[in-house]
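A look at the structure
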Amino acid sequence: MSFLQKMERKYGRYAIKGLTRYIILTYVIGYILLLMTPGWISYIRLEPGLILHGQVWRLFSWLLVPPQSLDIFTIVMLFFYFSIGTNLERTWGDFRYNVYIFGGLIITVIGAFICYAIAKAGMPAGTIPLIGGAFSTYYISMSIFLAFALTYPNMQVLLLFVLPIRVKWLGVIYAAFIIYDCIYMSWVGRVAVIVSLFNFIIFFFMTRNYQRVSLREIKRKKDFQRAVQQTVVKPGQTRHKCAVCGRTELDDPNLEFRYCSKCNGSFEYCQEHLFTHEHVK
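Sequence order sets the numbering: in each chain, residues are counted from 1 along the sequence as written. The model is predicted, so local features are restricted to residues of pLDDT at least 70 and side-chain atom pairs to those at 80 or more, both for listing and for counting; the totals for chains, interfaces and linings are taken over all residues. As a convention, hydrogens and water are excluded, and side-chain values are obtained from all of the structure's heavy atoms.

1. Concerning the nonpolar core
Here the nonpolar core consists of buried residues drawn from Ala, Val, Leu, Ile, Met, Phe, Trp, Tyr and Cys, with membership extended through side-chain atoms lying within 4.5 Å. Classification of residues uses two cut-offs on accessible area relative to the type maximum, computed with a 1.4 Å probe and protein chains only: under 20% is buried, over 50% is exposed, and between them is partly exposed. Counting residues in hydrophobic clusters, the biggest one holds 48 residues, and the most contacted among them are Tyr81, Tyr97, Ile101, Phe135 and Ile178. The secondary structure listing takes helices from DSSP runs of H or I that are at least 4 residues long and strands from runs of E that are at least 2 residues long, numbered from the N terminus. Mapped by element, the contributors of at least two residues to this core are helix H2 (19–36), helix H5 (72–92), helix H6 (94–121), helix H7 (138–151), helix H8 (167–183), helix H9 (187–196) and helix H10 (198–206). In terms of residue count, H7 provides more of this core than any other element does, 9 residues in total. Residues Cys242, Leu255, Phe257 and Cys260 belong to the second largest nonpolar core, which totals 8 residues.

2. Quick look at H5
In this analysis, the expected span of each helix is defined as 1.5 Å times one less than the number of residues it contains. Over its 21 residues, H5 extends 30 Å from the first C-alpha to the last, a length consistent with the 30 Å expected when each residue adds 1.5 Å. Buried within H5 we find Thr74, Met77, Leu78, Tyr81, Ile84, Gly85, Thr86, Leu88, Glu89, Thr91 and Trp92. Just beyond H5, the residue with positive phi is Gly93, at close to 100°.

3. A look at the pattern of salt bridges
By definition, a salt bridge exists where a carboxyl oxygen of Asp or Glu is found within 4 Å of a side-chain nitrogen of Lys or Arg. Taken as a whole and assessed by the stated rule, the structure comprises 4 salt bridges. When the shortest N-O distance is used, the salt bridge between Lys17 and Asp94 registers 3.4 Å. Of this pair, Lys17 sits in the loop between helix H1 (3–11) and H2 while Asp94 sits in helix H6, and the two are 77 residues apart along the sequence. Among the residues examined, Asp94 registers a relative accessible area of 23% and is labelled partly exposed. A salt bridge links Arg258 to Glu256; the nearest nitrogen and oxygen atoms lie 4.0 Å apart. For Arg258, a relative accessible area of 27% puts it in the partly exposed group.

What follows is the structure in structure tokens.
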């Protein structure tokens, strides 16, 4: 059993259910406050220097800073992020989704203090460098979409409500925008982007299957493909079946099925149980 599974069994009951709706709620509150008092943001930004001087509320209040200006596009994106966030919650489970989100937030705060220490080292004594403008939840929100694209790479969405496109290609476009932003940012901005996406970087490497290049794994895949090619599916029969819930592609044609490389044997799981099942040893 992995460390995360052990933590989930021990502390899973404390996970916040429906965390995505609370994330969206913080954005809504932020936009309302921004319309009422445009200058309020300067009092809640993540400023490590001011936090060390007693303004401890900034450790949490920066979550209310909206990721971008409010317009019709932003409203559409909020509905979109609510949809993909709730889907990830159902797929991963509340505890793992909580770990992913709060991990990104905590690492962002740590990164802000590191940037503050570096910036202050090059300034006269008594000077407080203000770097909070570089830190927000914008790239943490993007990390939600990148994780969704990695989990459901072949799902199709309508780009601009017209063009059908697979989610994995939208993920590539998002990644290209992030790289473009980093090129023209200051070093503080680059650090802010990296730490905000650090939870996704960890998730990406944890979900990679490094055994696929082994000779044993290559042989197993070839044997499986050969067996599939030799199998003729008759009407009423199925090709895929989840080893946990027993659902097949006949129950829901939109279900995605994958084999788990960590299980001993060819065990196939649907998208809802791929990350939550107990590995067969």
